[in-house]
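Analysis of the macromolecular model
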Amino acid sequence: TQAIISSVAVAIGIPAIMALYAGYLLLVNKMSARQFSFKHWFSLTAWTGIPSVLAALVSLIVLLTDSNGQVSQQELQPLSVTGLLNIDTSSQSLQQLSVFSIWALVLVAFGYSNWTGKSIATSFAITWAPYLLIYGGIALASL
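Residues numbered from 1 in each chain as written. Predicted model: local features only at pLDDT ≥ 70, side-chain atom pairs only at ≥ 80, totals over all residues. Heavy atoms only, no water.

Description of the nonpolar core
Of all hydrophobic cores here, the largest spans 12 residues; its members are Tyr-21, Ala-22, Leu-25, Leu-26, Val-28, Phe-36, Trp-41, Leu-44, Leu-105, Val-108, Tyr-112 and Ile-126. The set of elements that each furnish at least two residues to this core consists of helix 1 (2-29), helix 2 (38-47) and helix 7 (99-116). Top element by residues in this core is helix 1. It accounts for five residues. (Core = buried A, V, L, I, M, F, W, Y, C linked by side-chain atoms within 4.5 Å. Buried < 20%, exposed > 50% of the residue type's maximum accessible area, 1.4 Å probe, protein only. Helix = DSSP H or I, 4+ residues; strand = E, 2+ residues; numbered from the N terminus.)

A short note on helix 3 (residues 50-65)
Taking 1.5 Å as the rise per residue, helix 3 with 16 residues should run 22 Å; its terminal C-alpha atoms sit 23 Å apart, in good agreement. For helix 3, every residue scored as buried is listed here: Pro-51, Ala-55 and Ser-59. Down the axis of helix 3, the smallest arc covering the buried residues is 95°, so these residues share one side. The outward face of helix 3, more than 90 degrees from its buried face, is lined by the exposed residues Ile-61, Leu-64 and Thr-65. (Expected span 1.5 Å × (residues − 1). Arc of directions from axis to C-beta.)

Topic: the packing of aromatic side chains
Enumeration over the complete set of coordinates arrives at 10 aromatic pairs. On the basis of an interplanar angle of 55° and a centroid distance of 5.5 Å, the ring pair of Phe-124 and Trp-128 is categorised as tilted. Residue Phe-124 and its partner Trp-128 are located together in helix 8 (residues 120-142), separated by four residues, close to a single helical turn. Accessibility expressed as a relative area gives 23% for Phe-124, which makes it partly exposed. Taken together through their ring pairs, the aromatic side chains of Phe-36, Trp-41, Tyr-112 and Trp-115 make up a single cluster. (Phe/Tyr/Trp six-rings, centres within 6.5 Å; stacked < 30°, edge-to-face > 60°.)

Now the structure itself:
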């Protein structure tokens, strides 16, 4: 039952989060000269999410190489920022911030810059703003 619920949640949750982010990029882009539709921004968020597949593969390798098959959430993300910096936190959101998610955000920023013609600095500011607000709020709340 848990596997079915998790599978359905992932199948609905990931596209929903991508759609929200694509909607954000669409709204921000409405203020520029070059106009792109929602499908363009959704495809950008989907393609730049490919590093997340690599993160899932790393988690699978960790799970398969564990001796008893019981791995904590922190151990499943060996390349998370909290794991690499040896930060002990109970925040699931901060544990999910990994090298792969940062890689995906860099790809979005470069894609946004390429499509809109905006500078790299502006593109980073626009594309990273929602994540900085979310993770910054979580970091402040966990202090």
